[in-house]
Amino acid sequence: MANDFGIAEGVNMKNVIEEYLCIDVRRFLGENLLVPGNFFTWQRMCGNESLDKVAVQVNAEALTLFYKKQTQSVMLVATPCHFGGYRYWFRCCCGKRVATLYAGDSRFACRRCLNLNYQTQHQERHERLAKKAHGTRDSLDWPRGFSNGTGPKPKGMHWRTFERLSVKAENAVEQCNIAARARFPNYDGFG
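Conventions used here
Starting afresh in each chain, residues are numbered from 1 along the sequence in its written order. Only residues with pLDDT of 70 or above have their local features reported here, since the model is predicted, and side-chain atom pairs are shown and tallied only from 80 upward, although totals for entire chains, interfaces and linings are computed over all residues. Excluded from the side-chain calculations are hydrogens and water; all other atoms, namely the structure's heavy atoms, are used. Criterion used throughout: strands pair if DSSP finds at least two bridges between them. Each helix is a run of DSSP H or I of at least 4 residues and each strand a run of E of at least 2, with the numbering of both proceeding from the N terminus. In this analysis, the expected span of each helix is defined as 1.5 Å times one less than the number of residues it contains. Under the scheme applied here, a residue whose accessible area is under 20% of the maximum for its type counts as buried, over 50% as exposed, and between as partly exposed, the area being computed with a 1.4 Å probe on protein chains only. Note that the arc is defined by the directions from the helix axis to the C-beta atoms. Two residues qualify as a contact provided that any one of their heavy atoms is within 4.5 Å of a heavy atom in the partner residue. Planes of paired rings set the category: under 30 degrees apart is stacked, over 60 is edge-to-face and the rest tilted, where pairs are Phe, Tyr or Trp rings (Trp by its six-membered ring) whose centres lie within 6.5 Å.

*Asks:* It is not clear to me how the sheet that holds strand 9 (residues 108-109) should be interpreted in this structure. Could you clarify?
*Replies:* Where strands meet in a sheet, backbone hydrogen bonds hold them as pairs that are either parallel or antiparallel. The three strands lie next to each other as 1-8-9, forming an open sheet whose pairing is antiparallel. Two strands bound the open sheet, and with one partner strand each, they are strand 1 (22-24) and strand 9. In this sheet, strand 9 lies alongside strand 8 (residues 100-103) in antiparallel orientation, the contact comprising two bridges. Its bridge partner being in strand 9, Ala 103 is matched across the sheet by Phe 108.

Following this line, the structure appears as structure tokens:
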């Protein structure tokens, strides 16, 4: 159930993942930062302003995180892949293997330990469906907005792909209309 502002009741908007500093083992590996002896800082930015940052020291099997005058050790775990090589994970304080950890008040932990949700979990069904419909329209190079109707096949796109995405876009708009009518009884519909 949602309140008058479209926010689901019983859900704390403060606990949204996008509002927290995040460290991601895949990103660290992609930027070649996980070299033993390496020391770097990682920060969350908003424009040119740093909102939050953590200093990271890389050890052989763990990272030492320096955050808000606290020091925390996070274990690195490697699991073998089927076709060779390894996939790396952080070991959360709860014992789970995770790719991302988030900065809580005094420690880094997985999203379950910190009780964090994704932004989309706070949206109503018709809002999520509208976003899906807009994404499909974007992939077809059609203008945003359901009242704009359909457009031509993009140059270079196969006809089968175009037909599949056109049907997907029409279905997404219809599902969005159904969900919006359920939420707003006086709603006339899109497109």
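*Asks:* When you look at helix 2 (residues 125-139) in this model, what are you seeing that I'm missing?
*Replies:* Every α-helix carries 3.6 residues per turn, so stepping three or four residues along brings you back to the same face. In this model, helix 2 (15 residues) spans 21 Å end to end at C-alpha, consistent with the 21 Å of a helix rising 1.5 Å per residue. Listed as buried for helix 2 are His 126, Leu 129, Ala 130, Ala 133, His 134, Thr 136 and Arg 137. Summarising the axial view, the buried residues of helix 2 lie within an arc of 160°, below the 170-degree limit, and thus occupy one face. Contacts from the buried residues of helix 2 go to helix 3 (159-183). Phi turns positive one or two residues past the end of helix 2, at Asp 141, with a value near 60°.

*Asks:* Whenever I open this one, the packing of aromatic side chains confuses me. Can you help?
*Replies:* Ring pairs (aromatic) are described by centroid distance and by the angle formed between their planes. Here the structure, examined in full by the defined rule, presents seven aromatic pairs. Aromatic side chains Tyr 67 and Phe 108 sit 5.1 Å apart centroid to centroid with 65° between the ring planes, which places their arrangement in the edge-to-face category. Here Phe 108 lies in strand 9 and Tyr 67 lies in strand 4 (residues 62-67), a separation of 41 residues in the sequence. Side by side, Tyr 67 and Phe 108 carry an identical accessibility label, which is buried.

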